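# Close look at the chain arrangement
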Amino acid sequence: MTARRSGLVRVAALLVSGDLAKAEDIVQTALVRLYTSWPKLRKDTADAYARRCVVNAAIDERRSLFRRREQVWAQVPEVAVDDSADDTTTALALLATLPPGMRAAVVLRYVEGLSIAETADAMGCTEGNVKSQSARGLDRLRTLFPAHAHHFA
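These notes cover the structure that comes with them.

Parameters at a glance
- The written sequence of each chain sets the order in which its residues are numbered from 1.
- Totals for whole chains, interfaces and linings use all residues, but because this is a predicted model, local features are given only for residues with pLDDT of at least 70 and pairs of side-chain atoms are given and counted only at 80 or more.
- No hydrogens and no water enter the side-chain calculation; it runs on all heavy atoms of the structure.
- The way it works is that DSSP assigns letters per residue, a run of H or I at least four long becomes a helix, a run of E at least two long becomes a strand, and they are numbered from the N terminus.
- Three exposure classes are used, based on accessible area relative to the maximum for each residue type with a 1.4 Å probe and protein chains only: buried under 20%, partly exposed in between, and exposed over 50%.
- Note on areas: these come from Shrake-Rupley sampling with a 1.4 Å probe, and a residue is covered only by the protein chains present in the view.
- Two aromatic rings, drawn from Phe, Tyr or Trp (for Trp, its six-membered ring), form a pair once their centres lie within 6.5 Å of each other, and the interplanar angle then sorts them: stacked below 30 degrees, edge-to-face above 60, tilted otherwise.
- A positively charged side chain is recorded as over a ring if its NZ (Lys) or CZ (Arg) lies within 6 Å of the ring centre. The angle to the ring normal must also be within 35 degrees.
- In this analysis, two residues are considered to be in contact whenever any of their non-hydrogen atoms come within 4.5 Å of each other.
- Angular values range over 0 to 180 degrees, each being the angle between N-to-C directions of two axes fitted as lines to C-alpha atoms, with helices fitted over their stretch in contact.
- If an angle is under 35 degrees, it is roughly parallel; if it is over 145, roughly antiparallel; if it lies from 65 to 115, roughly perpendicular; otherwise it is oblique.
- It is the rotation of the near helix from the far one that decides the hand of a crossing: anticlockwise by less than a right angle makes it left-handed, clockwise makes it right-handed.
- Classification convention: Asp, Glu, Lys, Arg as charged; Ala, Val, Leu, Ile, Met, Phe, Trp, Tyr, Cys, Pro as nonpolar; all other residues, Gly among them, as polar.

## Regarding the overall build of the chain
A tally of helices and strands in the chain yields 8 helices and 0 strands. Reading the chain from its N terminus to its C terminus gives the helix and strand order α-α-α-α-α-α-α-α. A total of 153 residues make up the chain; the buried ones form 35% of that total. For the chain, the exposed surface amounts to about 9,000 Å²; the carbon and sulfur share of it is 54%.

## Focus on the packing of aromatic side chains
In the structure shown here, the tally under the stated rule is 0 aromatic pairs. Looking at Arg109, its charged tip hangs above the ring of Tyr110, at a distance of 5.3 Å from the centre.

## Quick look at the environment of Leu8
Relative to the assigned elements, Leu8 resides in helix 1 (residues 5-15). The residues touching Leu8, leaving out its near neighbours within four places in the chain, are Val27, Leu31, Ala50, Arg51 and Val54.

## Some thoughts on the packing of helix 6 (residues 100-111) against helix 7 (residues 116-123)
In helix packing, the relevant descriptors are the interaxial angle and the interaxial distance, both defined with respect to the helix axes. Relative to each other, helix 6 and helix 7 sit at 140°, their axes nearing to 10 Å. It follows that helix 6 is oblique to helix 7 by the angle criterion. As helix 6 runs across helix 7, the sense of the crossing is right-handed. Of the residues in helix 7, those in contact with Gly101, Ala104, Ala105, Leu108 and Arg109 of helix 6 are Ile116, Thr119, Ala122 and Met123. Tallied by class, residues from the contact of helix 6 with helix 7 come to 6 nonpolar, 2 polar and 1 charged.

Shown next, in the form of structure tokens:
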């Protein structure tokens, strides 16, 4: 898992709209969960299980009582997307507009390039749910941000 940690951090960062510190925390939480399950885990499914732990930790973090009680922001969250910003900043701002489950489906399918079955496994849901969440997520992004529709082709 040490060799795959940076990839997990990248996925987590996309799931939490680019907040690298929060992504590191999520991956650490996921790795603790992975460590406690390691004796029962099949080695050929360790990567998929690690991704699922990251997705679940990211969604759990958004649901946590502490997060609802107190939120610390370095800047105002309603920042307009700057046309001169690089693609990564634009993509993170666009992904931040999606609910966590929809964002996870879009990130895992179209950024990470996972199959529908692998995404369903990582999210702990059905393949039909992955299809609908990713399709609705892309449609929402195209509708809300027609100027950036080329990002969602």
